[in-house]
Amino acid sequence: MPEAARAVAGRLAAGCVLLGAVAVTVAVGAGPGGPWRGYVSEAGVSDSAFASTYRMGVFALAAALLSLAAALPVTLRLAAGLLLAGAAGTVVSGAVTCSAGCPLPPFEAATPADLVHAGASIVAAGVTVLAMLVVGFLRPATPGLRRVARVAGVLALPVAGAVALGLLTVGRGDLVAGLERVLLVVCAGWGLCTALLLARHRPAADGPAERTGSGVPRVREHDERDERVTGSTTSV
């Protein structure tokens, strides 16, 4: 994808993250569990006052993941694929609502819709965390993208593990509710910061590659001199 198109996709992703985060926050605050109790998904049950607002926010977040995948450079195809899977899971999560209380095994009897919704939500969050780790540690990216992904990944990975463990050991409660909210905030923050970076800067991963002593291609990173030269050329 051309640089200009990626920048547009980055701006679109940033806007969708903001729209989705605001809509979901408003819906959760007015939902059955209030801002701090219960699963976030409870804001989308049919009898919730802001169920439509919640679903709109979830679909906006799915669009953000899709746009972010399009904005990533070609060397981050693995991360883009994970984000596409996350977008698909988010769409299913928004389209299939859970029943009141969003019951889950092994502590509660769940309906098929509850299982589909929970499974899609878990997949969406899980692959998003994996995408952070890919950008931060496994594939060449600009220093800015790596730093943001590493910070977010280091925060999100243990929280995601704690959420999974909490679902299996204690079930629905304040502990899992709080951890779930922390995880979603970290994911949204990573998506917003990454989208803004992609909207403003050309990813170094698309630039000429250099070869290391071992013959492995290495992405050339822009230095301050390159940026000054680019700025001077633009001004002319």
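Here the structure is shown first, and the text comes after it.
A few points on the structure. (Residues numbered from 1 in each chain as written. Predicted model: local features only at pLDDT ≥ 70, side-chain atom pairs only at ≥ 80, totals over all residues. Heavy atoms only, no water.)

1. Some remarks on the overall build of the protein
Point 1. Assigned secondary structure in the protein consists of 7 helices and 2 strands.
Point 2. For the protein, the sequential pattern of α-helices and β-strands runs α-α-α-α-α-α-β-β-α.
Point 3. Counting contacts in the protein only where the partners sit at least 6 residues apart, residues at least 24 apart contribute 67% of the total.
Point 4. Roughly 11900 Å² of accessible area belongs to the protein as shown, and the carbon and sulfur atoms make up 68% of that amount. (Helix = DSSP H or I, 4+ residues; strand = E, 2+ residues; numbered from the N terminus. Contact = heavy atoms within 4.5 Å. Areas by Shrake-Rupley, 256 points an atom, 1.4 Å probe, with all protein chains shown as cover.)

2. A few points about the state of the cysteines
Point 1. For the coordinates displayed, the defined rule picks out 1 disulfide.
Point 2. Disulfide pairing places Cys98 opposite Cys102 at an S-S distance of 1.8 Å.
Point 3. For Cys102, a relative accessible area of 5% puts it in the buried group. (Disulfide = S-S within 2.5 Å. Buried < 20%, exposed > 50% of the residue type's maximum accessible area, 1.4 Å probe, protein only.)

3. Here we look at empty space enclosed by the protein
Point 1. One pass over the structure, following the stated rule, counts 1 cavity of 30 Å³ or more.
Point 2. By volume, the largest cavity is sized at about 40 Å³.
Point 3. Class assignment of the residues belonging to the lining of the largest cavity gives a composition of 5 nonpolar, 1 polar and 2 charged. (1 Å grid on protein atoms, 1.4 Å probe; cavity = no way out; pocket = protein on both sides within 12 Å on 5 of 7 lines; lining within 4 Å. Points joined across faces, edges and corners; volume = space filled by probe spheres on them. Nonpolar A, V, L, I, M, F, W, Y, C, P; charged D, E, K, R; others polar.)

4. Quick look at unusual backbone geometry
Point 1. Omega for the bond connecting Pro105 with Pro106 falls within 30 degrees of zero, at 10°, which places this linkage in the cis form.
Point 2. Topologically, Pro106 is positioned in the loop between helix 3 (77-95) and helix 4 (112-138).

5. Observations regarding the pattern of salt bridges
Point 1. Applying the stated rule across the entire model yields 2 salt bridges.
Point 2. Between Glu42 and Arg172 there is a salt bridge, with the nearest N and O atoms lying 2.8 Å from each other. Highlighted residues: Glu42 in the loop between helix 1 (3-29) and helix 2 (51-71) and Arg172 in the loop between helix 5 (143-169) and helix 6 (174-200), separated in sequence by 130 residues.
Point 3. The exposure class of Glu42 is buried, given its relative accessible area of 4%. (Salt bridge = Lys/Arg side-chain N within 4 Å of Asp/Glu carboxyl O.)

6. What about the side chain of Glu42?
Point 1. One polar contact links the side chain of Glu42 to the main-chain amide nitrogen of Tyr39, over a distance of 2.9 Å.
Point 2. Glu42 has contacts with Pro32, Ser48, Gly101, Cys102 and Arg172, leaving out every residue within four places of it along the chain. (Polar contact = N/O pair within 3.5 Å; in protein donor to acceptor, adjacent residues only side chain to side chain.)

7. Some remarks on the environment of Ala160
Point 1. Within the secondary structure, Ala160 is located in helix 5.
Point 2. A residue is classified by how much of its surface remains accessible, and Ala160, at 24% relative accessible area, is partly exposed.
Point 3. Along the primary structure Ala160 and Val129 are separated by 31 residues, whereas in three dimensions their C-alpha atoms are 8.2 Å apart.

8. Topic: the nonpolar core
Point 1. One finds Leu68, Leu72, Ala79, Leu83, Val135 and Trp190 to be the most contacted residues of the largest nonpolar core, which totals 41 residues.
Point 2. The set of elements that each furnish at least two residues to this core consists of helix 1, helix 2, helix 3, helix 4, helix 5 and helix 6.
Point 3. Non-local contacts of Leu83, meaning those with residues more than four positions away in its chain, are made with Leu65, Leu68, Ala69, Leu72, Ala131 and Trp190.
Point 4. Val24, Val28, Val40 and Tyr54 belong to the second-largest nonpolar core, a separate cluster that totals 7 residues. (Core = buried A, V, L, I, M, F, W, Y, C linked by side-chain atoms within 4.5 Å.)

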